[in-house]
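So you can see what is in the structure, the chains are spelled out below.
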Number of protein chains: 12
Amino acid sequence: MRFLILHGPNLNLLGTREPSLYGTLTLNEINARLQQWARLQQVELQIVQSNHEGALVDAIHAAVAWADGIVINAGAYTHTSLALRDAIAAVKLPTIEVHLSNIHAREAFRRRSLIAPVCRGQVSGLGWLGYQLALEALCEPTSN
Amino acid sequence: MRFLILHGPNLNLLGTREPSLYGTLTLNEINARLQQWARLQQVELQIVQSNHEGALVDAIHAAVAWADGIVINAGAYTHTSLALRDAIAAVKLPTIEVHLSNIHAREAFRRRSLIAPVCRGQVSGLGWLGYQLALEALCEPTSN
Amino acid sequence: MRFLILHGPNLNLLGTREPSLYGTLTLNEINARLQQWARLQQVELQIVQSNHEGALVDAIHAAVAWADGIVINAGAYTHTSLALRDAIAAVKLPTIEVHLSNIHAREAFRRRSLIAPVCRGQVSGLGWLGYQLALEALCEPTSN
Amino acid sequence: MRFLILHGPNLNLLGTREPSLYGTLTLNEINARLQQWARLQQVELQIVQSNHEGALVDAIHAAVAWADGIVINAGAYTHTSLALRDAIAAVKLPTIEVHLSNIHAREAFRRRSLIAPVCRGQVSGLGWLGYQLALEALCEPTSN
Amino acid sequence: MRFLILHGPNLNLLGTREPSLYGTLTLNEINARLQQWARLQQVELQIVQSNHEGALVDAIHAAVAWADGIVINAGAYTHTSLALRDAIAAVKLPTIEVHLSNIHAREAFRRRSLIAPVCRGQVSGLGWLGYQLALEALCEPTSN
Amino acid sequence: MRFLILHGPNLNLLGTREPSLYGTLTLNEINARLQQWARLQQVELQIVQSNHEGALVDAIHAAVAWADGIVINAGAYTHTSLALRDAIAAVKLPTIEVHLSNIHAREAFRRRSLIAPVCRGQVSGLGWLGYQLALEALCEPTSN
Amino acid sequence: MRFLILHGPNLNLLGTREPSLYGTLTLNEINARLQQWARLQQVELQIVQSNHEGALVDAIHAAVAWADGIVINAGAYTHTSLALRDAIAAVKLPTIEVHLSNIHAREAFRRRSLIAPVCRGQVSGLGWLGYQLALEALCEPTSN
Amino acid sequence: MRFLILHGPNLNLLGTREPSLYGTLTLNEINARLQQWARLQQVELQIVQSNHEGALVDAIHAAVAWADGIVINAGAYTHTSLALRDAIAAVKLPTIEVHLSNIHAREAFRRRSLIAPVCRGQVSGLGWLGYQLALEALCEPTSN
Amino acid sequence: MRFLILHGPNLNLLGTREPSLYGTLTLNEINARLQQWARLQQVELQIVQSNHEGALVDAIHAAVAWADGIVINAGAYTHTSLALRDAIAAVKLPTIEVHLSNIHAREAFRRRSLIAPVCRGQVSGLGWLGYQLALEALCEPTSN
Amino acid sequence: MRFLILHGPNLNLLGTREPSLYGTLTLNEINARLQQWARLQQVELQIVQSNHEGALVDAIHAAVAWADGIVINAGAYTHTSLALRDAIAAVKLPTIEVHLSNIHAREAFRRRSLIAPVCRGQVSGLGWLGYQLALEALCEPTSN
Amino acid sequence: MRFLILHGPNLNLLGTREPSLYGTLTLNEINARLQQWARLQQVELQIVQSNHEGALVDAIHAAVAWADGIVINAGAYTHTSLALRDAIAAVKLPTIEVHLSNIHAREAFRRRSLIAPVCRGQVSGLGWLGYQLALEALCEPTSN
Amino acid sequence: MRFLILHGPNLNLLGTREPSLYGTLTLNEINARLQQWARLQQVELQIVQSNHEGALVDAIHAAVAWADGIVINAGAYTHTSLALRDAIAAVKLPTIEVHLSNIHAREAFRRRSLIAPVCRGQVSGLGWLGYQLALEALCEPTSN
């Protein structure tokens, strides 16, 4: 199976940005852990990070051609981007939303995800492990 | 490690209740899968189901004496019970919230979790597997 | 046919509690009238009152095994209990909601019924007779 | 006893209009059933339908001279007409509001009845039978 | 093909009423242009104007017998009339809503159309030409 | 000078309708007092009452041809009729709004007048005298 | 009869402040007209202006000892002062609220009067004449 | 005099639960202080704690038979339980609401008490002493 | 110990103003009772009443120099004065808010206290005794 | 005349994306139809599609140099982009907004267009034909 | 040039009041710095501080006679005083609003300035320097 | 010291875009004035303009390596971009927000800045001079 992992705006700063909220691992370290897990599970990951809403939309469109599912941490665009929501709905790939911190325990505007209604599920507050758990769920199609 | 798994109101009807939303597994079948996983991981699970808000509060209080963490699917009380929220905050055990269906893709009133602000994280929409993923996260204390 | 009649919190005080709002009949007197009507119609009634939300949920679950429908006056839980709503939706028995006083003519918070969206209908403001009218409707399956 | 039955806008289309919501009986068929019931109970019914808010107000005013009560299905005017509310409050006849479908289970704007606060009660979701049940309640003055 | 054109309240004053907002053509002049267009397209138009909400509802009901579609400028009733909405939904004729001025660029209360959810589309802000464009769309059934 | 006095829905019941709120004078008695005042001031009054929103709109349109101003008590339509608002704005006659009771001291929905933003002023809570005071103001064009 | 006329904040600038909204008369000129009217009617006026909320409250308290009623234009305090509201309610003198401009045709925050619910009535938008009309109403105790 | 003291959900954890908010005294220690005070004042206290909403309702009902008043700290049910509100209103015993912390200085949802409108008063933020002060007020019937 | 007691607007009218809400004692009588209590407890009270928001702010500022705490009944300014809130926060003296009537059982706008978030606690609905209870709490620094 | 046609995010997927909502034509097919119409009318079209908000803003800026008007379907950015709104307002070209589906009949967040207040008009729900109708209106400058 | 600097409520406590928010300079020290700057620039400053809303209004009125502009830090009255807003609008002097702390980064109620809509600009969060920057802007009339 | 000046969307049109709101200077002219000021103060400025939200985020990230602070006029993204807010919070450089026009005096949606809570301060309504004043404040680290 092949999956797209999409990191949204400001996630390139991970490890340096408010570590008490987001942890001390850099994005490269997280990606390395996920690739290691992927090798063990014999699945293939393509990982993309961008601060541009349009680039994230483009990446989702491109995934139609090859991916079996998407794991997305849309960062701040989670709360403002209807374009991402429409892109996910349009490509119809099973998509799971991940957030490093527990967005439901933070500012009111972070509790509302515009993309959640078109995703299969959401993992929030479990740090880098959340990405791996989302991948586990995508590999287990009979789980719900 | 020892964990409390708490199932809230109406979850005793699982398998018969709106299977398109909640899946076809009964609660006993889900519990069996989780106990099987627990044996493999050598962790211990105590599993409680109740339709009574007060009984769920009592179970959380009792967990202080023995548990290392809580996985809770509070069902409808997720959205109405400040008493559960206060109980989780009071016992200070790491707690992860699980929902079988993706509550963020349903009616507006199901998108707001009153207990989320005092939980470490939330797994939503990943069916019975969500319980197992939450347990994995509790076993991995360094994940965030 | 067999029906469950469910009286929610504080209805055990009927006749003494604000008679100008709720009438002067006690709950026993109302139940007697309904049983008398039931005997005439040759239907069977089981009548339960509880101040405990969980106990009302349990009673609804139990009704699956024997009842053809439910008449429920959930009292104050009408406005706060999503657990009752989920229970009614789960058992799929035809259910009619009854209120002694006209809840739509009272405080704003009493005008919103959380259980209404999963009930077949609602009778409000017609006193004890409301229960009987709801039973008449349940006996007349072709009425809508 | 003599009662006015008032059918509001679009109810003349009954039987053809969204039968899954409103049933397959035409307005004439419903009126015939009600007149039949009235003959059995020896009460007298005058039945008026209009799509004009002002005409409904006029009919309520005229009822002061002869009627013992009103059963009104104000249709869409239920949610928009303060003029009807003031008319009902002004004539002081006991009035019961009827809705064929369960308005509390539909769009948000249909859950709020502007006339409810000046009516004795409301019957909602019980199809054509709702009119008859409302008449039964008007005939039973001691019910609340 | 035959179409009903419905002009709502105050549109009889066109040409004299706030010409900067609504243009300088009178209603008769607009109707003449539309009839001229209709003759060229060999379609038939019946044009009705009324300041009475009930009369507009009646006209929609009557159209079931002969019309292939409706073009409606409901004027101020656009924002207050659920009765018109129910009428359009009941007759099931393809209906397009027209507004001379751009209602989405005006007071907040004019931005919400109660009838839009039951119409096929809306043309707003294009002056008298909007009626003609709506007719073109009704004649082109394959356009969406 | 010539003025139109417009009485809206339910005002024909004055004197009988909730006298503690609206006073004990009938509409005829109020009209007589106003005509008496008019004779003394040598102004001419035309007085219209209707329960039909459309009829009130028609009367406003007709006033363009002869009146120097309008005094309107739109009753419940004050709070629901944008059509009346548009009519007043369209004819551009100086218009003063009158309410017998103090609408700003009553239910929240009565405090908002949809026609106020297009009227020159409002007199509220001064009983029948309010009509006369509004006429005095219309006769005194230099007052503001 | 003796009346208190109370002018609130910024009314001392009348005539110079936004004349298109408030007219070109100075406060002294308005007061002179009102005193002239008072002499003709043989009533006595005491007129107070202050920019201090507390001073207006003090003046209302003092009026208990001698006044038969109050005419108040509370200016901006109309919309922010619950202390004025409580003062008017406490002294129980018949009080009429006056506004030079039509507050119901202006910014949203000017449409809500905090003192209206404890006043007998309100005159809005009729310029300086509004004060005189309010005095006429206070002199006519039988008007409502 | 005899009083019921009712402690709601999670109060059994007092002393261990967030001591900076709720103090370091255990519930037993608080109860001992109150019993000591009661002996000095020669009043009798019955003290109940429960995490079950229904049990609190039952206790209030039972108090009708013997108590002269109620002091209630309903904990989280303060903000969610209309059933408690109805129970207090039904038994008509003078009831004072107590909160250890100042609920008006905390999260928005804790500032609204559903039971306050049916209580005689509220003491908030004064720690364990608040219970004693409430009892003092119940013993002083002439205080308001 | 020395305390400032601050009475806000309209409290000088106590005893005459709506006695059913506020009791029949005058402000002088309440102050006398409090001074009597103070003498027994050997504490010193300075008591100030003003209808001027600024004067209340000034009094709070002055208290820094001599007082050990403040008891404040800010009357209507409770709900409108952020200046009072900032003054209390700035001086950092322990402050308890008192209301004669139960503000949480009255109009919605009286339920929100702007000063509560910076006060130690609140006593509401216990009449004049509320002041004394607040003083007792200030004398008992270990109560929370 | 020369016009810019702007297609926003996800419109490149047309024909494959939810055809029941958006039709089965691809974007290329729609563009071809519009170019065909343009040739017949002897107008010139430049057509741009982008998923990037900034690119759409750039394209609007560039149009100042050559275009006589803009037809824009901003897709999801319709509801979230104030930058597009400011761009349209800044270039001052006549602009008409087009939506394939009837946005006023869909989710609440799709009913609000942020760009509508700066556009000349809007065509919604008329499929690909909507673009052509908008162009017709731009070619008919005297239509409103 | 001559300017009025207006300091609102509680600013007399500067330096002692929450220094982490408002800095450690006293009001006298800030005023001295501003006077020093003024001497260098050869402009004249009159500086007023008051805790009384009415006194601030009076000072603005008086400035008409001599000042070329106003710099105002209205403190808490920024958020509650429409009287100040009307005063600034009435005198028509260029006015700039200053806040020591960044009000847009604080509690929600501090983010809304009632006076902003009638001021030329606002400087927020730049400490005492904000006053000087505002004066610089007033001296540079061509800056916008 | 070295600072980044960031101009957001549509600011490249300055001088041509609504000059009454934004002034007649072009962006180049403003930048030239700022560079001139910078040379006098011996500070270094890097100036970036982009219509792309992602490009602005990238520029903020890049500034970490060299800049001592940021002055940002985010244009319309001020009100819609949480990504910019997170970027500013992540890099932790002192940042001051500038707006040419007074955003607090314009449409409601322009009054709310999403980035304000993570900025040190805001200068609004002072035209091009606002940039210079913000730079002055960044150079004066002891100002608050």
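Residues numbered from 1 in each chain as written. Chains lettered and ligands numbered in written order. Predicted model: local features only at pLDDT ≥ 70, side-chain atom pairs only at ≥ 80, totals over all residues. Heavy atoms only, no water.

**With respect to the arrangement of the chains**
Here comes step 1: At no point do chain I and chain J touch; the closest pair of C-alpha atoms across them sits 29 Å apart.
Here comes step 2: Separated throughout, chain F and chain K approach each other most closely at a C-alpha pair spaced 18 Å apart. (Contact = heavy atoms within 4.5 Å.)

**As for the pairing of strand 5 (residues 121-124) of chain K**
Residues and elements named next belong to chain K.
Here comes step 1: Alternating residues of strand 5 divide into Gly-121 and Val-123 and Gln-122 and Ser-124, and every residue in both groups is buried.
Here comes step 2: One ladder, built from four bridges, connects strand 4 (residues 95-99) with strand 5; its direction is parallel. When the sheet's bridge partners are listed, Ile-96 is paired in strand 5 with Gly-121. (Buried < 20%, exposed > 50% of the residue type's maximum accessible area, 1.4 Å probe, protein only. Helix = DSSP H or I, 4+ residues; strand = E, 2+ residues; numbered from the N terminus. Pairing = 2+ DSSP bridges.)

**Re the environment of L:Leu45**
Residues and elements named next belong to chain L.
Here comes step 1: By the element assignment, Leu-45 lies in strand 2 (residues 44-49).
Here comes step 2: Each C-alpha atom, one on Leu-45 and one on Leu-21, is 26 Å from the other, the two residues being 24 residues apart in sequence.
Here comes step 3: Here Leu-45 is in contact with Phe-3, Ile-5, Leu-34, Gln-35, Ala-38 and Leu-135, once residues within four sequence places are set aside.

**Looking at the packing of aromatic side chains**
Here comes step 1: Inspection of the entire model under this criterion finds zero aromatic pairs over all chains.
Here comes step 2: Taking the ring centre of H:Trp128 as reference, the NZ or CZ of H:Arg33 above it sits at 4.9 Å. (Phe/Tyr/Trp six-rings, centres within 6.5 Å; stacked < 30°, edge-to-face > 60°. Lys NZ or Arg CZ within 6 Å of the ring centre and 35° of its normal.)

**Regarding the pattern of salt bridges**
A pair can form between side chains of opposite charge whenever their charged atoms are brought close.
Here comes step 1: Inspection of the entire model under this criterion finds 36 salt bridges over all chains.
Here comes step 2: A:Arg110 is the salt-bridge partner of A:Glu107, the closest N and O atoms lying 3.0 Å from each other.
Here comes step 3: Residue classification places A:Arg110 among the buried positions, given a relative accessible area of 6%.
Here comes step 4: Between D:Arg106 and D:Glu107 there is a salt bridge, with the nearest N and O atoms lying 3.8 Å from each other. (Salt bridge = Lys/Arg side-chain N within 4 Å of Asp/Glu carboxyl O.)

**Topic: the sheet that holds strand 5 (residues 121-124) of chain J**
Here comes step 1: Here 10 strands make up an open sheet; going across it, the order is 2(E)-1(E)-3(E)-4(E)-5(E)-5(J)-4(J)-3(J)-1(J)-2(J) and the pairing mixed. Each edge of the sheet is formed by a strand with only one pairing partner; in this case those strands are strand 2 (44-49) of chain E together with strand 2 (44-49) of chain J. Averaged over neighbouring strand pairs, the angle between their axes works out to 20° when direction is ignored.
Here comes step 2: Relative to strand 4 (residues 95-99) of chain J, strand 3 (residues 69-73) of chain J runs parallel, the two being bridged by three bridges. (Axes fitted to C-alpha atoms, helices over the stretch in contact; angles between N-to-C directions.)

**Some words on the interface of chain F and chain G**
Here comes step 1: Every contact between the two is made by 24 residues of chain F and, on the other side, 24 residues of chain G.
Here comes step 2: Across the interface of chain F and chain G, roughly 2,100 Å² is buried in total on both sides, 58% from carbon and sulfur atoms.
Here comes step 3: Along the contact surface separating chain F from chain G lie zero salt bridges.
Here comes step 4: Where chain F meets chain G, there are nine residue pairs in polar contact (both at pLDDT 80 or more).
Here comes step 5: Of all the secondary-structure elements, those providing two or more residues to the side of chain F that touches chain G are strand 5 (121-124) and helix 6 (129-139) of chain F.
Here comes step 6: Within the side of chain F that touches chain G, the residues separate by chemical class into 11 nonpolar, 10 polar and three charged. (Buried area = accessible area lost by both parts, 1.4 Å probe. Polar contact = N/O pair within 3.5 Å; in protein donor to acceptor, adjacent residues only side chain to side chain. Nonpolar A, V, L, I, M, F, W, Y, C, P; charged D, E, K, R; others polar.)

**Considering the pairing of strand 4 (residues 95-99) of chain E**
Residue and element names in this part refer to chain E.
Here comes step 1: Counting buried positions along strand 4 yields five of five residues, so the element is predominantly enclosed.
Here comes step 2: Burial of the side chains of strand 4 extends over both faces: Thr-95, Glu-97 and His-99 are buried on one face and Ile-96 and Val-98 on the other.
Here comes step 3: In this view, the connection linking strand 3 (residues 69-73) to its parallel neighbour strand 4 by way of helix 4 (residues 82-91) has right-handed handedness. (Right-handed = clockwise from strand over helix to strand, strands pointing away.)

**As for helix 2 (residues 27-41) of chain H**
All names here are of chain H.
Here comes step 1: The end-to-end C-alpha separation of helix 2 is 21 Å, in line with the 21 Å expected for 15 residues at 1.5 Å each.
Here comes step 2: Looking at the packing, one finds that the buried side of helix 2 touches strand 1 (2-7), strand 2 (44-49) and helix 5 (129-139).
Here comes step 3: One or two steps after helix 2, the chain reaches Gln-42, where phi turns positive at roughly 60°. (Expected span 1.5 Å × (residues − 1).)

**Regarding the relation of the copies chain F and chain G**
Here the second copy of the chain follows from the first by a rotation about an axis and a shift along it.
Here comes step 1: The two copies are related by a screw operation: chain F maps onto chain G through 180° of rotation and 0.0 Å of translation along the axis, at an RMSD of 0.0 Å. As the rotation angle and translation indicate, the two copies are arranged about a two-fold axis. Ranked by how close their C-alpha atoms come to the rotation axis, the residues of chain F are headed by F:Val123, at 2.3 Å.
Here comes step 2: Both copies present the same face, since 100% of the interface residues in chain F are matched by interface residues at the equivalent positions in chain G. (Least-squares fit on C-alpha atoms with pLDDT ≥ 70 in both.)

**Quick notes on the interface of chain B and chain A**
Here comes step 1: Listed per partner, the contact involves 24 residues of chain B and 24 residues of chain A.
Here comes step 2: Taken together, both faces of the contact between chain B and chain A bury some 2,100 Å²; the carbon and sulfur share is 58%.
Here comes step 3: Here chain B is connected to chain A by zero salt bridges.
Here comes step 4: Across the chain B-chain A interface, the total number found is nine residue pairs in polar contact (both at pLDDT 80 or more).
Here comes step 5: Looking at the side of chain B that touches chain A, the elements that each hand over two or more residues are strand 5 (121-124) and helix 5 (129-139) of chain B.
Here comes step 6: Where strand 5 (residues 121-124) of chain A lies against strand 5 of chain B, three bridges are found, and the strand directions are antiparallel. Paired with A:Val123 across the two strands is B:Val123, which belongs to strand 5 of chain B.

**As for the sheet that holds strand 1 (residues 2-7) of chain K**
Here comes step 1: On the basis of which strands lie adjacent, the open sheet formed by 10 strands has the order 2(K)-1(K)-3(K)-4(K)-5(K)-5(L)-4(L)-3(L)-1(L)-2(L) and mixed pairing. Here the strands that pair on one side only, and so sit at the sheet edges, are strand 2 (44-49) of chain K together with strand 2 of chain L. Each strand axis lies, on average, 20° off the axis of its neighbour in the sheet, ignoring direction.
Here comes step 2: Contacting strand 1 and strand 2 of chain K, helix 2 (residues 27-41) of chain K runs over the sheet at an angle of about 165° to strand 2 of chain K.
Here comes step 3: This element, helix 6 (residues 129-139) of chain L, spans strand 1 (2-7), strand 2, strand 3 (69-73), strand 4 (95-99) and strand 5 (121-124) of chain L of the sheet and lies at about 160° to strand 3 of chain L.

**Looking at helix 3 (residues 53-63) of chain H**
At 3.6 residues per turn, the α-helix brings residues three or four places apart onto the same side.
Here comes step 1: Among the 11 residues that make up helix 3 of chain H, eight are buried, leaving the element largely enclosed by the rest of the structure.
Here comes step 2: For helix 3 of chain H, the full list of buried residues reads H:Glu53, H:Gly54, H:Leu56, H:Val57, H:Ala59, H:Ile60, H:His61 and H:Ala63.
Here comes step 3: Buried positions along helix 3 of chain H lie against helix 3 (53-63) of chain B, helix 3 (53-63) and helix 4 (77-80) of chain C together with strand 1, strand 3 (69-73) and helix 4 (82-91) of chain H.

**Considerations on the side chain of L:Asn10**
Here comes step 1: Tracing the backbone through its elements, the reader meets L:Asn10 in the loop between strand 1 and helix 1 (19-22).
Here comes step 2: With relative accessibility at 0%, the residue L:Asn10 sits in the buried group.

**A short note on the relation of the copies chain B and chain A**
Here comes step 1: For the pair chain B and chain A, the best superposition has an RMSD of 0.0 Å and corresponds to a rotation of 180° with a translation of 0.0 Å parallel to the axis.
Here comes step 2: The share of interface residues of chain B whose copies in chain A are also at the interface is 100%, consistent with both copies meeting through the same surface.

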